[in-house]
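Single-letter residue listing:
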Amino acid sequence: MAEDISRHYANRFPDFTNENSRDVVNTGNNSLSENFEAVLEQHIHDFIHRMNMKEQEWINRNDSSVYTGISGIAYLFFVYGERFNEPTYIDKAVELIEGAGGNKNDKKSITFLTGEAGRLAVGALIHHSVGNDEKSTEIITRLKSLYDFSAMYYYDELLYGRAGYLYSLLFVNKNISEGLIDEDLIKKVINCILTTGKNYSASRRLKIPLMYSWHEKEYLGGAHGIAGILYVLLQAREYLTDAQLNDEIKPSIDYLITLRFSSGNFPSSIGNKADRLVHWCHGAPSMTMLFTLAFEIFKEEKYLNVAKSCGEIIWERGLLKKGCGICHGTAGNAYTFLNLYQQTQDIKYLYQAATFAEWCFSYEKYQNRIPDRPFSLFEGLAGIIYFLIDLATPSTGKFPGYTL
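Keep in mind it's a predicted model, so treat the numbers as computed, not measured.

Engineer: Mind showing me how you'd approach helix 12 (residues 301–317) here?
Structural biologist: Helical geometry note: an α-helix holds 3.6 residues per turn, so side chains three or four residues apart project in the same direction. For helix 12, spanning 17 residues, the distance from its first C-alpha to its last is 25 Å, which sits close to the expected 24 Å at 1.5 Å a residue. Considered for burial, the residues of helix 12 that qualify are Tyr-303, Leu-304, Val-306, Ala-307, Ser-309, Cys-310, Gly-311, Ile-313, Ile-314, Trp-315 and Arg-317. Among the structural elements, helix 10 (242–257), helix 11 (284–298), helix 13 (330–344) and helix 14 (347–361) are those in contact with the buried residues of helix 12.

Right, dumping it as structure tokens:
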């Protein structure tokens, strides 16, 4: 028998029709069905209880990041407390973020997902929410002080580079109050990112205005590549000049379209011929958000068509053997369907998001190995819960650390 080298399970869920979806969605009012909403909410509560019961397995980890550490779990508890009006979880979030530590000299400290900037941004939000505005302001001052380090940094990607710092600044303005981060500071970070991209592309004589490298590869996806950088830049479009938007960013997005595989998926890096990866950090899922936002901004149908084709490949190959986390798992892939539902209001996409959620209800069954951080926001149970909470309010759900 030939070895099974596929990275996904076969999707046995039926394709959407009005008839076979009635247990999951209500086509009459374009929403989840009442029965599915009840099941969804019960799983959210059951899983958050499991997080509480297993606290000793994650509380002492020497990791303060949003990605795999205590700040990410604090962020989940804050979101859960807000969504279900349970102040004890917000209090727990305060306790966790206060105990998260941090190291401003860490080489990755400028990013939202893996560094100090994310811990500070989340901490500022949590403290603001409970009325600790003096503490929140002090934290924001520390976040802004990371600019000098970011200006000297080598990389621009979302996970470890300047785009992650830009996201942290935008996160504060979006979730606490506009203007807390000065316009000039945001523009300086943007200019650093664009200058690096232009210089690198010119040095390589590429046919794309902007390009970036990480570990000597020109990655394309959300975590390490140009898609994540461009997506954060588009979300900062109010700070961009028309020339930056139309002469540098838009043609770079157009060039990405030419790199797609015939399947509709994207390579992990330029020159990579292997059509294997379909998860947020590499492949179609992170591209969905980029192209739906490009459609909103530039009003060109080709961008929405690319996003929809991403949805097709994720429906076919998105139930991942790596598990149900949001970085490289099924819950992260399901955000594509939430994003497409929000953009199109097509009930098919809500059905697809809900069926992927149903798969995640049995998350321990569908993983070839236990993640290194099985309770974390991006690899483990915390991220699954975060997605399920977002699915419960599907018109507003947003991929954490990526969509503002």
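Engineer: I tried to follow the UniProt feature "binding site: Zn(2+)" (unreviewed entry) in the protein chain on my own but got confused; where do I start?
Structural biologist: Following the UniProt record, one finds the feature "binding site: Zn(2+)" (unreviewed entry) at Cys-281, Cys-327 and His-328. Across 48 residues of sequence, these annotated residues stay compact in space, with a maximum C-alpha separation of 6.4 Å. By secondary structure assignment, the location of Cys-327 is in the loop between helix 12 and helix 13. Among residues more than four places away in sequence, those in contact with Cys-327 are Tyr-67, His-279, Trp-280, Cys-281 and Phe-378.

Engineer: Please clarify how the packing of aromatic side chains should be interpreted in this entry.
Structural biologist: The description of an aromatic ring pair rests on the distance of the ring centres and on the angle between the ring planes. What the rule picks out here adds up to 36 aromatic pairs. Look at Phe-13 and Trp-359: their rings are 6.5 Å apart centre to centre, the planes differ by 70 degrees, and that puts the pair in the edge-to-face class. Highlighted residues: Phe-13 in the segment before strand 1 (25–26) and Trp-359 in helix 14, separated in sequence by 346 residues. We classify Trp-359 as buried; its relative accessible area is 10%. Put simply, the rings of Tyr-67, Tyr-231, Trp-280, Tyr-335, Phe-378, Phe-387, Phe-399 and Tyr-402 pair up and form one aromatic cluster. The ring of Phe-84 has Arg-83 sitting right over it, with the charged end atom 4.9 Å from the ring centre. Sitting over the ring of Tyr-9, Lys-321 keeps its end group 5.9 Å from the ring centre.

Engineer: Got a minute to help me understand the state of the cysteines in this structure?
Structural biologist: Each disulfide is one covalent bond, formed between the sulfur atoms of two cysteines. Evaluated as defined, the whole model comprises 0 disulfides. Between Cys-281, a cysteine without a disulfide, and Cys-327, which holds the nearest cysteine sulfur, the sulfur-to-sulfur distance is 3.6 Å. Under the relative-accessibility criterion, Cys-281 is labelled buried at 7%. Cys-324 takes part in no disulfide bond, and the closest cysteine sulfur to it belongs to Cys-360, at a distance of 3.9 Å. Judged by its relative accessible area of 2%, Cys-324 is buried.

Engineer: How should I be thinking about the environment of Ala-382 in this particular structure?
Structural biologist: For Ala-382, the location among the structural elements is in helix 15 (residues 381–392). When sequence neighbours within four positions are dropped, the list of residues in contact with Ala-382 reads Met-51, Ile-73, Leu-76, Phe-375, Ser-376 and Leu-377.

Conventions we followed
- Residue positions are counted from 1 within each chain, in the order its sequence is given.
- Local features in a predicted model are, by the rule used here, given only for residues with pLDDT of at least 70; side-chain atom pairs are given and counted only at 80 or more, and totals for whole chains, interfaces and linings are based on all residues.
- With hydrogens and water stripped out, all remaining heavy atoms of the structure feed into the side-chain values.
- By definition, any uninterrupted DSSP run of H or I lasting at least four residues is a helix, any uninterrupted run of E lasting at least two residues is a strand, and each is numbered from the N terminus.
- Helix span, expected: 1.5 Å multiplied by one less than the number of residues in the helix.
- A 1.4 Å probe rolled over the protein chains alone gives each residue an accessible area, and that area as a share of the maximum for its type sets the label: buried under 20%, exposed over 50%, partly exposed in between.
- Should any heavy atoms of two residues lie within 4.5 Å, those residues are counted as being in contact.
- UniProt positions are given in the numbering used here, feature names are shortened, and annotations may be inferred rather than shown by experiment.
- Centre distance within 6.5 Å is the pairing criterion for rings of Phe, Tyr and Trp, where only the six-membered ring of Trp is used; planes under 30 degrees apart are then read as stacked, over 60 as edge-to-face, and the remainder as tilted.
- Charge over a ring is defined by NZ of Lys or CZ of Arg lying within 6 Å of the ring centre and within 35 degrees of the ring normal.
- Cysteine sulfurs are considered disulfide-paired once they come within 2.5 Å of each other.

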